[in-house]
Amino acid sequence: MTANEDWGAMASERLSAIAKASEPGPGVTRLPFGPEHEAALDLISEWMRRAGCSVSLDSAGTLIGRREGPPGAPTLLIGSHQDSVREGGAFDGIMGVALGCLALEALGAQELPFAVEVLAFADEEGVRFPTALIGPRALAGTLDPKVFEMTDRAGERLGEALRAFGGDPEKATMLARNPDEIAGYLELHIEQGPVLEAADAPLGVVTAISGIERHRVTVTGEAGHAGTVPMEMRHDALLSASDLVRGVHDMARDHGIRATVGQLTVSPNVVNAIPARVDLTIEIRAAEDAARDAVGAALGELCAGIAVETLTEIEIEKTYSQPAQACDPDLRARLAAAVEAATGAPAIELPSGATHDASAMADLCPIAMLFVRCKGGVSHNPAEEANGADMGAAVSALAEFLRRYVP
Ligand code: GLV
Ligand code: MN
Ligand code: MN
């Protein structure tokens, strides 16, 4: 076995083990601040200790493994997220934490002219609460304390969930790092798309990360008997919502960007009553903030038109936004050189359509990302997979980056 295959086999083993820290059901469901998160942190702590790091949990729920450097030397941050979507895969997010730890383990006792921290952020997906990136925003000093009032489906407040987990909402807003002490932030992540596979390349260096915004929409109609109320007299919330789903789709397509209605709750949700209410989410993504802003700004008018047409009321609230971010040219070039040294082939460069913790870390320091090839381009799906050899190559590339890097 080559060294790459050894590290890759360890990565596969660790990711299979931590995939069990999941709610029951297909794939991985690991939301922030619950028992599955706690079980995952037990394993990640062990990975960090094996990498020679001291381990601590910060007030925003980020697990931090720190490898000391010379006194006064800056710190290089390596991170990603522990959480998954519902019924997601075993690689999105957590793979970057695993590979970061393995790269430090591969370095062994070799001294570096800087400290390194591996960060396992609590919540990047924004699936449990209608916000995300609490951990990186806390470090960047951009965390809005209003998010702690947001509630999950069960009505639990984010601030309470964080506190019960060992965090502290007040202290979380005081975690901002001094940019002068931070050299940069690196994130390794499964590509979640088909580009590297099509190019027959195990690894790719990210050029920029798309921006994203999310909206919570409430459509209110009126319940009524399915057999007695004439069609033209109905206030059907689901009819209104379905016009909105189509309208959002068409608007995004016309602007050349992406938008998704991914969550929809109908009530009373019975076979013989006109739907009285629909709660839904709209998510918009684009590499260009101006294009995303244009579609986001047009939502109000779209909703107003549909409300009149369908005799319903539509309320819309923006719950989250994160602008597009460019990756740092210097870190990108160094990462590309390390990839070439580790794989023997020039690095492919590609943009990221998904968002990442790195988007928020860009407010603190220069960022760069390394993508690992994704089988069939499938992600946010139990079938998500990166192969061991590719993950091994990523560990070698990151270790090589660390050996060469001088802040
Ligand atoms: C996060 O992973 C996202 O892009 O949805
Ligand atoms: Mn991710
Ligand atoms: Mn994801």
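A brief look at the structure comes next. Predicted model, so just to flag it, every value in this text is computed and none were measured. (Residues numbered from 1 in each chain as written. Chains lettered and ligands numbered in written order. Predicted model: local features only at pLDDT ≥ 70, side-chain atom pairs only at ≥ 80, totals over all residues. Heavy atoms only, no water.)

Considering the packing of helix 2 (residues 35-50) against helix 3 (residues 94-107)
Direction vectors running N to C along helix 2 and helix 3 enclose 25°, while the axes themselves pass 8 Å from each other. Judged by the angle between their axes, helix 2 and helix 3 are roughly parallel. In this structure, the crossing between helix 2 and helix 3 has a hand that is left-handed. For the pair helix 2 and helix 3, contact is made by Ile44, Trp47, Met48 and Arg50 and by Ile94, Val97, Ala98, Cys101 and Glu105, respectively. Of the residues assigned to the contact of helix 2 with helix 3, the class counts are 7 nonpolar, no polar and 2 charged. (Axes fitted to C-alpha atoms, helices over the stretch in contact; angles between N-to-C directions. Helix = DSSP H or I, 4+ residues; strand = E, 2+ residues; numbered from the N terminus. Parallel < 35°, antiparallel > 145°, perpendicular 65-115°, else oblique. Left-handed = near helix turned anticlockwise from the far one by under 90°. Contact = heavy atoms within 4.5 Å. Nonpolar A, V, L, I, M, F, W, Y, C, P; charged D, E, K, R; others polar.)

Here's the deal with empty space enclosed by the protein
Tallied over the full model, the rule gives 1 cavity of 30 Å³ or more. Here the largest cavity is characterised by a volume of approximately 40 Å³. Contributing to the lining of the largest cavity are Ile18, Ala19, Val28, Arg30, Gln82, Asp83, Ser84, Gly89, Ala90, Asp92 and Ile94. Residue composition of the lining of the largest cavity, grouped by class: 5 nonpolar, 3 polar and 3 charged. (1 Å grid on protein atoms, 1.4 Å probe; cavity = no way out; pocket = protein on both sides within 12 Å on 5 of 7 lines; lining within 4 Å. Points joined across faces, edges and corners; volume = space filled by probe spheres on them.)

Let's talk about a nonpolar patch on the surface
Taken together, Leu238, Val245 and Leu264 make up a surface patch of nonpolar side chains, about 200 Å² in accessible area. Exposure remark for Leu238: the relative accessible area of 31% places this residue in the partly exposed category. (Patch = residues over 30% accessible without salt bridge, like charges linked within 9 Å, V, L, I, M, F, W, Y side chains within 5 Å. Areas by Shrake-Rupley, 256 points an atom, 1.4 Å probe, with all protein chains shown as cover. Salt bridge = Lys/Arg side-chain N within 4 Å of Asp/Glu carboxyl O. Buried < 20%, exposed > 50% of the residue type's maximum accessible area, 1.4 Å probe, protein only.)

Overview of the pattern of salt bridges
Scanning the entire structure with this criterion turns up 27 salt bridges. When the shortest N-O distance is used, the salt bridge between Arg292 and Glu213 registers 2.8 Å. In this pair, Arg292 is assigned in helix 9 (residues 289-310) and Glu213 in strand 7 (residues 211-220), connecting sequence segments 79 residues apart. Like Arg292, the residue Glu213 is buried in the burial classification.

Here's the deal with the coordination of the manganese ion (ligand 3)
The coordination sphere of the manganese ion (ligand 3) contains the protein donors Asp92 (OD), Glu125 (OE), Glu125 (OE) and His380 (NE2), at a distance range of 2.1 to 2.6 Å. Counting residues between consecutive donors of the manganese ion (ligand 3) along the chain gives the motif D-x32-E-x254-H. In this structure, the manganese ion (ligand 3) is positioned 3.5 Å from the manganese ion (ligand 2), and both are ligated by Asp92. Here Glu125 lies in the loop between strand 4 (115-121) and helix 4 (134-140) and Asp92 lies in the loop between strand 3 (75-81) and helix 3, a separation of 33 residues in the sequence. A residue is classified by how much of its surface remains accessible, and Asp92, at 6% relative accessible area, is buried. (Donors = N, O, S within 2.8 Å, 3.2 Å for Na, K, Ca; no water.)

Re the coordination of the manganese ion (ligand 2)
Distances from the manganese ion (ligand 2) to its protein donors, namely His81 (NE2), Asp92 (OD) and His189 (NE2), fall within the range 2.0 to 2.2 Å. When the donors of the manganese ion (ligand 2) are listed by position in the chain, the intervening gaps give H-x10-D-x96-H. When its relative accessible area of 0% is taken as the criterion, His81 is described as buried.

Looking at unusual backbone geometry
Note the cis peptide between Ser267 and Pro268, where omega equals 10°. In the Ramachandran plot, Glu87 falls in the positive-phi region, its phi being about 55° despite a non-glycine side chain. Mapping Glu87 onto the fold places it in the loop between strand 3 and helix 3. Classification of Glu87 by relative accessible area gives partly exposed; the value is 42%. Positive phi is not limited to glycine here, since Gln192 has a value of about 70°. The residue Gln192 is located in the loop between strand 5 (182-190) and helix 7 (195-198) in this model.

Things to note about the packing of aromatic side chains
This structure, assessed with the given rule, holds 4 aromatic pairs. Measuring from ring centre to ring centre gives 5.6 Å for Phe33 and Phe165, while their planes differ by 65°; the resulting arrangement is edge-to-face. Linking Phe33 in the loop between helix 1 (3-19) and helix 2 with Phe165 in the loop between helix 5 (158-164) and helix 6 (169-172), this pair joins segments that are 132 residues apart in sequence. When its relative accessible area of 12% is taken as the criterion, Phe165 is described as buried. Centre to centre, the rings of Phe401 and Tyr405 are 5.2 Å apart; their planes meet at 20°, and the pair counts as stacked. No difference in accessibility class separates Phe401 from Tyr405, as the two residues are buried. A network of ring pairs unites the aromatic residues Phe114, Phe401 and Tyr405 as a single cluster. (Phe/Tyr/Trp six-rings, centres within 6.5 Å; stacked < 30°, edge-to-face > 60°.)

Considerations on the packing of helix 8 (residues 237-255) against helix 9
Put simply, helix 8 and helix 9 touch, their axes get as near as 10 Å, and they point 150° apart. As helix 8 packs across helix 9, the resulting crossing turns out to be right-handed. Contacts from Leu239, Ser240, Asp243, Leu244, Gly247, Val248, Met251 and His255 of helix 8 reach helix 9 at Ala294, Val295, Ala298, Leu299, Leu302, Cys303, Ile306 and Thr310. Taken together, the residues that form the contact of helix 8 with helix 9 break down as 11 nonpolar, 4 polar and 1 charged.

Remarks on the layout of surface pockets
Considering only enclosed or pocket space, the largest pocket measures out at about 1,500 Å³ in volume. What lines the largest pocket is a set of 49 residues, among which Glu125, Gly126, Val127, Arg214 and Glu283 lie closest to the centre. Of all the elements in the fold, those that place two or more residues in the lining of the largest pocket are strand 7, strand 8 (258-260), strand 9 (264-267), strand 10 (277-286) and strand 13 (348-352). The residue makeup of the lining of the largest pocket, split by class, is 16 nonpolar, 19 polar and 14 charged. When residues are assigned to domains, the lining of the largest pocket turns out to be shared by domain 1 (7-210 + 324-404) and domain 2 (212-322), each giving three or more. (Domains from an automatic or database assignment.)

Points about the nonpolar core
Of all hydrophobic cores here, the largest spans 75 residues; its most connected members are Ile44, Leu99 and Leu402. Per-element tally for this core: the top contributor is helix 3, with 10 residues. Not counting residues within four places of it along the chain, the set of residues in contact with Ile44 comprises Ile18, Leu63, Gln82, Ile94, Val97 and Ala120. (Core = buried A, V, L, I, M, F, W, Y, C linked by side-chain atoms within 4.5 Å.)

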